[in-house]
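So the chains spell out like this:
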Amino acid sequence: MKTELWGSYKLSSSAECAKKEIEKLVPDLNQSISSLGAEIKGWKIDKNLLRIRIISTRLRAHEALLRLRSPIGKALGKEYHLGIRETRVDDYTLTFSLEKEPLGVVSIPFANVQIKGKEVRMSLKQLSREFLEKNYIDRMIKLVREKVAKQHYKGKKEYWELMWQSKQKSERWNKDPTEEMLKLGWLKQGPTKGKWFFYPQVASIMSAMEKIALEEVLEPLGFEEVIESHHVPLDIWLKTGHLKSIPGEIYYVSEPLTRKEQDWEDFTDMVKITHKVPEELFKKHLDTPKSGVCYAQCPIIYWSLQNRTIAEESLPIRVFEKRAVSNRYESGGRHGIERVDEFHRIEPVYIGTKSQLLELRERLIERYRHVFEDLLELEWRRAWVTPFYMSQAGEVYEGEGEKVEGTIDFEAWMPYRGDRENSEWLEFQNLSIVGERYIKVFNIKGQKSRLWSGCSGIGLERWTAAFLAQKTLDPENWPEGFKECLSKAPRGIKFL
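Residues numbered from 1 in each chain as written. Predicted model: local features only at pLDDT ≥ 70, side-chain atom pairs only at ≥ 80, totals over all residues. Heavy atoms only, no water.

Caption draft 1: View of the overall build of the protein. Regarding its fold elements, the protein presents 16 helices and 24 strands. Taking the principal axes of the C-alpha coordinates as reference, the protein spans close to 100 × 65 × 50 Å. A buried classification covers 47% of the 496 residues belonging to the protein. Of the contacts made within the protein by residues no fewer than 6 positions apart, 73% connect residues no fewer than 24 positions apart. Roughly 26,400 Å² of accessible area belongs to the protein as shown, and the carbon and sulfur atoms make up 48% of that amount. (Helix = DSSP H or I, 4+ residues; strand = E, 2+ residues; numbered from the N terminus. Buried < 20%, exposed > 50% of the residue type's maximum accessible area, 1.4 Å probe, protein only. Contact = heavy atoms within 4.5 Å. Areas by Shrake-Rupley, 256 points an atom, 1.4 Å probe, with all protein chains shown as cover.)

Caption draft 2: Quick look at the sheet that holds strand 11 (residues 231–233). Strand order in the open sheet made by the three strands is 11-13-12, with antiparallel pairing throughout. Each edge of the sheet is formed by a strand with only one pairing partner; in this case those strands are strand 11 and strand 12 (252–253). Pairing between strand 11 and strand 13 (residues 291–293): three bridges, direction antiparallel. Looking at the pairing, His231 lines up with Val293 of strand 13. (Pairing = 2+ DSSP bridges.)

Caption draft 3: Structural context of the packing of aromatic side chains. With the rule as written, the count across this model stands at 22 aromatic pairs. When the ring of Phe372 is compared with that of Phe410, the centres are 6.0 Å apart and the planes differ by 70 degrees; the resulting orientation is edge-to-face. In this pair, Phe372 sits in helix 12 (residues 354–375) while Phe410 sits in strand 20 (residues 406–412), placing the two residues 38 residues apart along the sequence. Here the two residues Phe372 and Phe410 agree in accessibility, since each one is buried. Three or more aromatic residues joined by ring pairs form one cluster here, namely Trp164, Tyr368, Phe372, Trp380, Phe410, Phe428 and Trp463. The cationic tip of Arg381 hangs over the ring face of Trp425; the distance from NZ or CZ to the ring centre is 3.9 Å. (Phe/Tyr/Trp six-rings, centres within 6.5 Å; stacked < 30°, edge-to-face > 60°. Lys NZ or Arg CZ within 6 Å of the ring centre and 35° of its normal.)

Caption draft 4: Expanded view of the side chain of Glu436. When you line up the elements, Glu436 lands in the loop between strand 21 (426–435) and helix 14 (437–441). Judged by relative accessible area, Glu436 falls into the buried class, the value being 18%.

Caption draft 5: How the structure looks around helix 5 (residues 177–184). Listing the buried residues of helix 5 in full gives Pro177, Thr178, Glu180 and Met181. In an axial view of helix 5, the angular spread of the buried residues amounts to 165 degrees, which keeps them on one side of the axis. The secondary structure elements touched by the buried residues of helix 5 are strand 8 (187–189), strand 9 (196–198), helix 6 (200–218) and helix 15 (460–471). The N-cap of helix 5, judged by a side-chain oxygen 3.0 Å from the amide nitrogen of Thr178 a few residues on, is Asp176. At the C-terminal side of helix 5, Gly185 shows a positive phi close to 80 degrees. (Arc of directions from axis to C-beta. Polar contact = N/O pair within 3.5 Å; in protein donor to acceptor, adjacent residues only side chain to side chain.)

Caption draft 6: Quick look at a positive patch on the surface. A cluster of like positive charges, contributed by Arg139, Lys142, Lys244 and Arg437, occupies part of the molecular surface. Relative to the helices and strands, Arg437 is located in helix 14. (Patch = residues over 30% accessible without salt bridge, like charges linked within 9 Å, V, L, I, M, F, W, Y side chains within 5 Å. Salt bridge = Lys/Arg side-chain N within 4 Å of Asp/Glu carboxyl O. Lys, Arg positive; Asp, Glu negative; His and termini not counted. Charge placed at Lys NZ, Arg CZ, Asp CG, Glu CD.)

Caption draft 7: The arrangement of the pairing of strand 23 (residues 452–455) in detail. Covered by surrounding structure in strand 23 are Trp452 and Gly454 together with Ser453 and Cys455, the residues of both alternating faces. Both strand 18 (residues 345–352) and strand 23 contribute to a ladder of four bridges, which runs antiparallel. Counterpart to Tyr350 in the pairing with strand 23 is Gly454. Pairing analysis gives three bridges linking strand 21 to strand 23, with the strands arranged antiparallel. Counterpart to Gly435 in the pairing with strand 23 is Ser453.

Caption draft 8: Quick look at the sheet that holds strand 5 (residues 112–116). Pairing is antiparallel across the open sheet formed by six strands, whose spatial order is 2-3-1-4-6-5. The sheet is open, and its two borders are formed by strand 2 (38–46) and strand 5, each paired with just one other strand. For this sheet the average axis-to-axis angle between neighbouring strands, irrespective of direction, equals 15 degrees. Two strands pair when backbone bridges link them, and strand 2 and strand 3 (residues 49–56) are joined in this way by eight bridges, in the antiparallel orientation. Paired with Asp46 across the bridge in strand 3 is Leu49. Each of strand 1 (2–11), strand 2, strand 3 and strand 4 (84–97) is contacted by helix 2 (residues 61–80), which is oriented at about 155 degrees to strand 4, the strand it contacts most. (Axes fitted to C-alpha atoms, helices over the stretch in contact; angles between N-to-C directions.)

Caption draft 9: Region of the structure containing the nonpolar core. The biggest cluster of nonpolar side chains holds 89 residues, and the ones touching the most others in it are Phe372, Phe428, Trp463 and Phe482. The biggest single contributor to this core is helix 6, with 10 residues. When neighbours within four sequence positions are excluded, Phe482 is seen to be in contact with Ile205, Ala208, Met209, Ile212, Leu375, Leu376 and Phe467. Counting 46 residues, the second-largest nonpolar core is a separate cluster that includes Leu68, Ile72, Ala111 and Leu132. (Core = buried A, V, L, I, M, F, W, Y, C linked by side-chain atoms within 4.5 Å.)

Caption draft 10: Region of the structure containing helix 2. With 20 residues, helix 2 should cover 28 Å at 1.5 Å per step; its first-to-last C-alpha distance of 27 Å lies within 8% of that length. At Arg69, helix 2 shows its largest kink, close to 30 degrees, and the proline Pro71 lies no more than four residues downstream. Within helix 2, the full set of buried residues consists of Ala61, His62, Ala64, Leu65, Leu68, Arg69, Ile72, Ala75 and Leu76. Immediately beyond the C-terminal end of helix 2, within one or two residues, lies His81, with a positive phi of roughly 55 degrees. (Expected span 1.5 Å × (residues − 1). Bend = angle between axes of the 7 residues up to and from the residue.)

And the structure:
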C-alpha cells in the first residue's frame, strides 16, 4: 500500500520567522519515521500554516503526520513560541491492491474511489484531526475490500450440511395450515402487514408450545427467566453489528419532540377536520429514532452484563426471555404464520467456558430431540449452516474446521410445499455458539475463566406451523405427548 498526503499544521501565528529552523528540523523528522516507510517529500509555509507532503509505503501517511506534531510543536515552541492549534489533511491519496477485480462500481462515504483492475486509488480531502485519529481511514479501506468481496460471493448459496435426520412419518395431509385456519376463522391478518391476530384456537396451541419449551427444555437444564424492554437503543445494535448489516430489517421507534397539547394543535386540528392522518405534519412532530423494536432478545441480555465480572459459581449463566415481541421487516418474504414481521419467541442465552457451552449444546440438542421426537412426533432434521451473524452480514461461510462455533438449524418437512427431496423445509429452531464475539463487544469478564456465549431462539409461530403442517388441525391426529398439554382446541368465537 502507498499513501500520500499534503497536511497542514495551523500555528498560533505566522511561521515565516521559523523557516531556517524547520529546514534544519526536517532531516531529523525524516530519520524518526524512515524505519516505518514514511518520508517528508516537501514542505512550505503559508502565513500561519506549515504544510507538509508525506509519502509512505508502510505506516499510513496520516499516522506519520500525527506523530510529527509533537516534535515539531516542541521545536517551534521552544525557539519561536509558536503553538500548533490544529492538524489537518488537505489532500490524501491511498493506493492499494485487491484480491479480485470488482464486478461493478464501488463507492463509499467521504472518498472518491477509482479502481483499475485490482488497483484501488482512494482520494480524500479536508480531513480533521478527529477524523484521522478515529481510525476512519482503515475502516474505509476495509469497507472497499468488503464491497468488492461481496460482489463476488453475492448469490452464493448459504452453507448447509446435514447432520442428522429423523425417520419418515406418515403423511396426514398436504394443506397449508395458515390457509386452512383462515377458512375456519382461527386467524385474522393483522391491522398492519406481516402480523396476525390469533383467535383462541391458535393461541391455545402456541401457549401449549411455550409450556412444552419451558417445562421440557429450559427448566430441566436450569434456565431462569429475565424480563427486558421491547425497545433497543441504537448504540447496542452498533455493538452487535445489526446497524452495519441489516438496518433495513429493523422497526424504529420515534419519540414525540414534545407532549405539549398546544404544540400538537395543528396536527389534531387536521385530524378533527379530515378524519385522516396528516403524515407530513406527523414527521414534523417526531424526533429522529434513537431506538428500535426488539429484533431478538439477546442484545439487551448482553447489555445487562456489560462491563461486569461474572463469579465462577454463576457459570454457566443460563437465562431466557419470553415477553419481548420480536419485529423484523420481512418485505416480500412474508408467508403464513411462519414468515412474519412480528412473532413470539423465547430466547435462551448461555455464557460460560468453552467446555461448559459444548456440554450444554449437547444437552439442549437432547432436550429438543425429546420434544420433537417424543411429544410432537415431527419429521425433522439438523443441519450445520452459515452462522446467523455471518448470514445477517452477507458473509460467506465455507464450513471448514471443527464444528465448535457456529449455528445448527432444526428443519421440519412441510408436506404442502412438496416432496421431501425437492421442497424447502422450514427452519423452525436453531442453536448457536458464537464464541467470544459478544463477550468482547460488551466487555463481559469471568472471575477466572475465559468466557464464550451462545443463544437458541424458540419461535412459537414456527413450532406451531411445523406441527400443524404435519399433524393437521384435527386434535384426533395430534400425538398423545402433545395432547397432554392440549387435548382439544377451544371453541373460539362464532361469527354470523
